[in-house]
Amino acid sequence: DFEWVGKKHGRARDDEGWQRRYEELKEFKTRTGHCRVPQRFEENKALGSWVMVQRSQYKRMMDGKSSAMTIERAKTLDD
């Protein structure tokens, strides 16, 4: 029989990971007063990479290309 309940895959897992990094970005902003996370941020390398990817994905979305960025995520990041 097929197991309907299992590990989260695809969009749900992506959304959880995105939200986790977004929370880390908010903490960074609270500490520093800005969101300019260095690409090679020693304290949290994954956050630095994530911010770089968000900027790249936003540009792709604005250029009408395939992108993981959504209008909702862009609005969330602008808040």
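These remarks concern the structure in this document.

Calculation notes
Residue positions are counted from 1 within each chain, in the order its sequence is given. Restriction of local features to residues with pLDDT of at least 70 applies here, the model being predicted, together with a cutoff of 80 or more for giving and counting side-chain atom pairs; totals for whole chains, interfaces and linings are based on all residues. With hydrogens and water set aside, each side-chain value is computed from the structure's full complement of heavy atoms. Note on definitions: salt bridges are taken to be side-chain nitrogens of Lys or Arg within 4 Å of carboxyl oxygens of Asp or Glu. Secondary structure follows DSSP: runs of H or I at least 4 residues long count as helices, runs of E at least 2 residues long count as strands, and numbering of each begins at the N terminus. Ring pairs shown here join Phe, Tyr and Trp side chains whose ring centres sit within 6.5 Å, with only the six-membered ring taken for Trp; geometry is labelled stacked below 30 degrees between planes, edge-to-face above 60, and tilted in between. The classification of residues rests on relative accessible area computed with a 1.4 Å probe and restricted to protein chains. Under 20% of the type maximum is buried, over 50% is exposed, and intermediate values are partly exposed. A helix's residues, less one, multiplied by 1.5 Å, set its expected span.

Applying the stated criterion to the full structure yields six salt bridges. A salt bridge links E24 to R21; its shortest N-O distance comes to 3.0 Å. Here E24 pairs with R21, and both are found in helix α1 (residues 11–32), just three residues apart, close to one helical turn. Between R31 and E43 there is a salt bridge whose closest N-O contact spans 3.0 Å. You can see R31 sitting in helix α1 and its partner E43 sitting in the loop between α1 and α2 (45–62), a full 12 residues away along the chain.

Right, let's talk about the packing of aromatic side chains for a bit. Each aromatic ring pair is summarised here by two numbers: the centre-to-centre distance and the angle between the ring planes. Scanning the entire structure with this criterion turns up three aromatic pairs. A centroid spacing of 5.6 Å and a plane angle of 10° characterise the contact between W18 and Y22, whose relative ring orientation is stacked. Linking W18 with Y22, this pair stays in helix α1, spanning four residues, or about one helical turn. Residue W18 is classed as buried on the basis of its relative accessible area, which comes to 7%. With a centroid separation of 5.5 Å and an interplanar angle of 65°, the aromatic rings of W18 and W50 are classed as edge-to-face. In this pair, W18 sits in helix α1 while W50 sits in helix α2, placing the two residues 32 residues apart along the sequence. As far as burial versus exposure is concerned, W18 and W50 are alike and both buried. Grouped by ring-pair contacts, the aromatic residues W18, Y22 and W50 constitute a single cluster.

Here we take up the side chain of Q57. If you trace the backbone, Q57 turns up in helix α2. The exposure class of Q57 is buried, given its relative accessible area of 17%.

Turning our attention to α2. Given a rise of 1.5 Å per residue, 18 residues ought to cover 26 Å, and the 26 Å separating the end C-alpha atoms of α2 matches this to within 8%. L47, G48, W50, V51, Q54, Q57 and M61 are the residues of α2 that are buried. Looking at the residues trailing α2, positive phi occurs at G64, about 80°.

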